[in-house]
Amino acid sequence: MVWKQRIILKSPAEIAIMRQAGRINALALEAVRQAIRPGVTTEELDAIAEEVIRKHGGRPAFKGYPGPYPYPATITVSINEELVHGIPGPRKIKAGDIVSVDCGTIYKGFIADSAFTVGVGEISPLARRLIRVTEEALYRGIEQLRPGNRVGDVSAAIQRHVEVHGFHVTREYTGHGVGRSMHEFPMIPNYGTPGRGALIREGMTVALEPMVLVGTPKTKVKADKWTVVSADGSLTAHFEHTIAVTAHGPLILTVAD
Ligand code: MG
Ligand code: MG
């Protein structure tokens, strides 16, 4: 990944623009969520997200993102054992799948980044619990995004919630600062030690993203060089919001209203 290696604080005016980016991104993700059903292809979902983003004057942030080769799509769609970075294509969603969608929007030069996981039709109790715990872990992390706390407080809150439920957090992919670049410092791992790491300060804008696996913390990358899967084939889930740190605490930017 390409990282801007310093923490860049944002002004209230810049945060207001990121809020607009976050709103567009949320509308795109909501449209995708509504379209997820058995038989829909992942490239159809991708087209829906791109249309919503462009209709509101934004641009897809992931398209062309540098990697093994430039990322080719607006969203990532990661199904079941696929944790992150699944490339949209002709694959059809099936009943019983759990589907993670990640999307980024550029608006007036600033980026918002968000993801969700949803079950399709009837899913197993384990899959339901995995999705619930992963989303809860995101909010446990968000609660810690207060001036004076440290990155380790955020990371540890996420890790604790996931592990107390018997699941695993990835060590290989992290949350991150976000702004004019998609990945800015600080990195925010999904594991850590309270009281350690960079100080959380007013004006920071970050993407928290618990990436949770049922059977192992280990991952591998598929032959397409982008799609990350659990090393043991077990189910995975991913939730993400972009959040601004204000004097009063965390403000989630990637919501529709
Ligand atoms: Mg993301
Ligand atoms: Mg992210």
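Please read these numbers as outputs of a predicted model, since none were measured by experiment. (Residues numbered from 1 in each chain as written. Chains lettered and ligands numbered in written order. Predicted model: local features only at pLDDT ≥ 70, side-chain atom pairs only at ≥ 80, totals over all residues. Heavy atoms only, no water.)

## Examining the overall build of the protein chain
Looking only at helices and strands, one finds four helices and 15 strands in the protein chain. The C-alpha atoms of the protein chain give a radius of gyration of 17 Å, which matches the 18 Å a tight globule of 257 residues would have. Viewed in the frame of its principal axes, the protein chain has a C-alpha envelope of about 45 × 40 × 35 Å. For the protein chain, the proportion of its 257 residues judged to be buried stands at 54%. Carbon together with sulfur atoms contributes 53% to the accessible area of the protein chain, which is approximately 10,700 Å² in total. One finds the centroid of the 30 positive side-chain charges in the protein chain at a distance of 3 Å from the centroid of its 26 negative side-chain charges. (Helix = DSSP H or I, 4+ residues; strand = E, 2+ residues; numbered from the N terminus. Rg over C-alpha atoms; globule rule 2.2 N^0.38 Å. Buried < 20%, exposed > 50% of the residue type's maximum accessible area, 1.4 Å probe, protein only. Areas by Shrake-Rupley, 256 points an atom, 1.4 Å probe, with all protein chains shown as cover. Lys, Arg positive; Asp, Glu negative; His and termini not counted. Charge placed at Lys NZ, Arg CZ, Asp CG, Glu CD.)

## Some words on the environment of glycine 192
Within the secondary structure, glycine 192 sits in the loop between strand E8 (184–188) and strand E9 (205–208). Residue classification places glycine 192 among the partly exposed positions, given a relative accessible area of 27%. Each C-alpha atom of the pair glycine 192 and valine 255 lies 27 Å from the other, and the pair is 63 residues apart in sequence. Excluding residues within four positions of it along the chain, glycine 192 makes contact with Gly152, Ser155, Ala156 and Gln159. (Contact = heavy atoms within 4.5 Å.)

## Focus: the sheet that holds strand E11 (residues 219–221)
Spatial ordering of the open sheet is given by E3-E12-E11, a layout of three strands whose pairing is antiparallel. Each having just a single partner strand, strand E3 (82–84) and E11 make up the two edges of the open sheet. Strand-to-strand twist of the sheet, defined as the mean angle between neighbouring strand axes without regard to direction, takes the value 40°. As judged from the three bridges shared by E11 and strand E12 (residues 228–230), these two strands associate in the antiparallel manner. Its bridge partner being in E12, valine 221 is matched across the sheet by valine 228. (Pairing = 2+ DSSP bridges. Axes fitted to C-alpha atoms, helices over the stretch in contact; angles between N-to-C directions.)

## Here we look at unusual backbone geometry
That bond from phenylalanine 185 to proline 186 is cis: its omega, 0°, falls within 30 degrees of zero. Examined against the element boundaries, proline 186 turns out to sit in strand E8. The phi dihedral of lysine 108 falls on the positive side, at around 45°, and the residue is not glycine. Assignment of secondary structure puts lysine 108 in the loop between strand E4 (98–107) and strand E5 (110–119). Positive phi outside glycine occurs at lysine 225, with the angle close to 70°. As for its placement among the helices and strands, lysine 225 is situated in the loop between E11 and E12.

## Quick word on the sheet that holds strand E7 (residues 175–177)
The five strands are arranged E8-E7-E9-E14-E15 in an open sheet whose pairing can be described as antiparallel. Pairing within the sheet leaves two strands with one partner each, and these edge strands are E8 and strand E15 (249–252). Direction aside, the axes of adjacent strands within the sheet are offset by 30° on average. Where E7 meets E9, two bridges bridge the pair, whose relative direction is antiparallel. Bridging from a neighbouring strand, glycine 177 pairs with valine 206 of E9. Along the sheet, helix H3 (residues 125–143) contacts E9, strand E14 (241–246) and E15; its crossing angle with E14, the most-contacted strand, is approximately 20°.

## So, the pattern of salt bridges
Evaluation of the coordinates by the stated rule reveals nine salt bridges. Of the charged contacts in the structure, one is a salt bridge between lysine 94 and aspartate 97, with a shortest N-O distance of 3.9 Å. One salt bridge connects glutamate 136 with arginine 132, and the closest N-O pair in it is separated by 3.1 Å. On the criterion of helical spacing, the pair formed by glutamate 136 and arginine 132 is a turn pair, its members being four residues apart in helix H3. Residue classification places glutamate 136 among the partly exposed positions, given a relative accessible area of 26%. Salt bridges sharing common partners tie together Glu50, Arg54 and Lys63. (Salt bridge = Lys/Arg side-chain N within 4 Å of Asp/Glu carboxyl O.)

## Observations concerning the coordination of the magnesium ion (ligand 2)
Within the protein, the magnesium ion (ligand 2) binds to Asp113 (OD), His176 (NE2), Glu209 (OE) and Glu240 (OE); these donor distances fall in the range 2.1 to 2.2 Å. Taken in chain order, the donor set of the magnesium ion (ligand 2) reads D-x62-H-x32-E-x30-E. Separating the magnesium ion (ligand 2) from the magnesium ion (ligand 1) is a distance of 3.2 Å, and aspartate 113 supplies a donor atom to each of them. Taken together, the residues span a long stretch of sequence, with histidine 176 in strand E7 and glutamate 209 in the loop between E9 and strand E10 (211–213) at a distance of 33 residues. In this pair, the class of histidine 176 matches that of glutamate 209, namely buried. (Donors = N, O, S within 2.8 Å, 3.2 Å for Na, K, Ca; no water.)

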